[in-house]
Structures are given as structure tokens and as C-alpha cells.
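Listed below, chain by chain, are the residues.
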Amino acid sequence: MFITEIFKSIQGEGTRAGLPCVFVRLTGCNLRCTWCDTAYAFHGGKKMAIEEVMAQVDELAGRREDALASTSAAVPLVELTGGEPLLQEEIYPLAEKLLAAGYTVMIETSGERFIDRLPKKVIKIVDVKCPDSGEADTFDMNNLDALTLEDEVKFVLSSRRDYEFAREFTAKHQLAARVRQVLFSPVFDDPDGKWQGLEPRQLVEWILADELPVRLGLQLHKFVWHPATKGV
């Protein structure tokens, strides 16, 4: 499999935001969102065997055996991300091995790929692309029936148009009853000025005015480090 980077940081988004986490960023993506902040993962990467990935995750997670021969990790949370991790067939045995090793495994996916082949215990963070992403209508609607109450659905918003799309999609498909949390996340300003973000306060005002059962999502790592920093 091709890997762009493996690193330890804090979880920046979702209901586990702020928790220490080991990230495995796979290489390659078949979408080209206008505001993508990980375009460096589109190409290249290092070819690694699953065993090599596991060894690096174990090292970063501080996994060790105790006197009773049981194992534990100081950082038990692992996220598989990209790019689009579901483009690589090895993602499925990797997820199985991580679960078998006792990790809590999350995957962040664009929603364009069917998620049902993933092990049931993997926590799916599934995007629904909004109009301003340039990739609207790519969501596989079969994913709605594959979601569980442990999963999360995320909308990344850059405009009022995006907000209204997300609001209507959430209501039409009763997302709040299907998943652990529906996340509305504003686009962050590009440091190089390639795109303009959405002011978080504006999004909060819209959410409160419409009394939506959703959670505001902010990318914590972009407040802790410079927004363009890789490996965090």
C-alpha cells in the first residue's frame, strides 16, 4: 500500500477532537475538492507492507507488553485517512489488524466509496460533499444504510448555499437519528489565499437560528499549529 505519512497528533475534528491519535494517511484521491487542504497526498507516497505500517503505528502509540504478557497502547486511537483511504484494497486487512491489536479505529472517507466492506467496529467519519466543493453529487447513497450509531457524518461548508444543502440533506435523510453525530465544519481560510473560508460565528448563527441537531466542527490542529503544517 502507498502511505503519505504516519504521525502522532491530536484528533482535530469530530466527537473525539482533542484526544491523542495516530494518523495513517494513505496516498491517492479520486476527487478534487476546491478547498482541499491535503492535496500533497494525491500522488507519491511510500510503498509499505501492512506489517510495516503496524510496526510504525505501534511505535508511535507507545504499545508495549506488561509483565502479564498483555499489551496496551498509550495512544489507543488510530485514524485512517487520505487522500481517500478506500481506494486501496489493503485498507481492509489493515483495519482488521488494527482492531485485532486492540486499537479504536476510525476512518475518514469522502462518501464517494461504499463503506460496507469495512469491519463493523471501524468508526466511519463520512463526508457529504456540498456544492461549493466542486464534487457535489458524488455521495454514494447506499452509505446511508451502512451507517451505524457509532459513525459520524460531516459536511464541510464554505457558503450559505452549502449550509442550506447540508441542512436539507440532514433533515431529508434523518441523519441525526442514524449516526452518533452530524458535523457542520466551516472551511478554513487557505494560508496562500487560494480560497476564502467561512466565518465560524456565521455558521453558528445559522445553526442556532434553525435549531439544528448538529455539532459545530472546528479543525483544532489549525489553531494549535500553522494551518499549512503537515504531519499534525
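To be clear, the structure that these remarks concern was listed above.
All of the points below concern the structure found in this document. Keep in mind that what you see is a predicted model, and the values were worked out from it rather than measured. (Residues numbered from 1 in each chain as written. Predicted model: local features only at pLDDT ≥ 70, side-chain atom pairs only at ≥ 80, totals over all residues. Heavy atoms only, no water.)

## Here's the deal with the overall build of the chain
Selection criterion: Only DSSP runs of H or I covering at least 4 residues are called helices, and only runs of E covering at least 2 are called strands; the numbering of each starts at the N terminus. Using C-alpha atoms as the atom set, the radius of gyration is obtained and then compared with a globule rule of 2.2 Å times the number of residues to the power 0.38. What makes two residues a contact is simply this: any of their non-hydrogen atoms within 4.5 Å. Here, Shrake-Rupley sampling with a 1.4 Å probe gives the accessible areas, and only protein chains in the shown set may cover a residue. When charges are tallied, Lys and Arg are placed among the positive residues and Asp and Glu among the negative ones, while His and the ends of the chain are skipped. Charge positions come from single atoms, namely NZ of Lys, CZ of Arg, CG of Asp or CD of Glu.
Tallying secondary structure elements over the chain gives seven helices and eleven strands in all. Its C-alpha atoms give the chain a radius of gyration of 18 Å, within 12% of the compact-globule value 17 Å for 232 residues. Counting only C-alpha atoms and orienting by the principal axes, one finds that the chain spans roughly 55 × 40 × 30 Å. Here the analysis covers contacts within the chain between residues at least 6 apart in sequence; of these, 66% occur between residues at least 24 apart. Here the chain displays about 11200 Å² of accessible surface, and carbon together with sulfur accounts for 51% of that area. Each charge class in the chain can be summarised by its mean position, and for the 27 positive and 36 negative side chains these summaries are 2 Å apart.

## Notes on the sheet that holds strand 1 (residues 2-10)
Let me state the cut-off plainly: Any two strands between which DSSP finds at least two bridges are classified as paired.
The strand order across the open sheet formed by nine strands is 3-1-2-6-7-8-9-10-11, and the pairing between neighbours is mixed. The open sheet has two free edges, formed respectively by strand 3 (46-47) and strand 11 (215-216), since each of these has just one partner strand. For strand 7 (residues 104-109) and strand 8 (residues 123-127), the ladder comprises four bridges, and the chain directions are parallel. Considered in strand 8, the bridge of T109 is made with V126.

## A few points about the packing of helix 4 (residues 160-172) against helix 6 (residues 200-210)
Short version of the rule: Here, axes are lines fitted to C-alpha atoms. For helices the fit covers the stretch in contact, and angles between N-to-C directions go from 0 to 180 degrees. Whether a crossing is left-handed or right-handed is set by the direction in which the near helix is turned from the far one by less than a right angle, anticlockwise for left-handed and clockwise for right-handed.
Between helix 4 and helix 6, whose axes approach to 11 Å, the crossing angle comes to 35 degrees. Relative to helix 6, helix 4 is oriented so that their crossing is right-handed. Each of R160, Y163 and R167 in helix 4 lies in contact with helix 6, whose residues at this interface are L203, W206, I207 and D210.

## Some details on the state of the cysteines
Threshold: The criterion for a disulfide is a pair of cysteine sulfur atoms lying within 2.5 Å. When accessible area is computed with a 1.4 Å probe and restricted to protein chains, residues below 20% of their type maximum are described as buried, those above 50% as exposed, and intermediate ones as partly exposed.
In the structure shown here, the tally under the stated rule is zero disulfides. Cysteine C29 shares no disulfide, and the gap to the nearest cysteine sulfur, in C36, comes to 6.5 Å. Of the residues examined, C29 reaches a relative accessible area of 17% and is grouped as buried. The closest cysteine sulfur to the non-disulfide-bonded C130 is located on C33, 9.7 Å from its own sulfur.

## Observations regarding the packing of helix 1 (residues 50-61) against helix 2 (residues 91-100)
Heads up, the condition is: Here the word oblique covers every angle except those under 35 degrees (roughly parallel), over 145 (roughly antiparallel) and from 65 to 115 (roughly perpendicular).
Interaxial distance between helix 1 and helix 2 falls to 10 Å at its minimum, and their mutual angle equals 40 degrees. When the axis of helix 1 is compared with that of helix 2, the two are oblique. Between helix 1 and helix 2 lies a crossing of right-handed hand. Every residue of helix 2 that contacts helix 1 at I50, E51, V53, M54 and V57 is listed here: P93, L94, K97 and L98.

## Observations concerning the pairing of strand 10 (residues 181-186)
Keep this limit in mind: When the strands point away from the viewer, a crossover counts as right-handed if the path from the first strand over the helix to the second runs clockwise.
Taken across its six residues, strand 10 has six buried, putting it largely inside the fold. In the sheet, strand 9 (residues 152-157) pairs with strand 10 via six bridges, with the strands oriented parallel. When the sheet's bridge partners are listed, L157 is paired in strand 10 with P186. Bridge analysis of strand 10 against strand 11 gives two bridges, and the strand direction is parallel. Opposite F184, over in strand 11, you have L216 as the bridge partner. The parallel pair strand 10 and strand 11, bridged by helix 6, forms a crossover whose chirality is right-handed.

What is shown is where atoms sit, not what they do.
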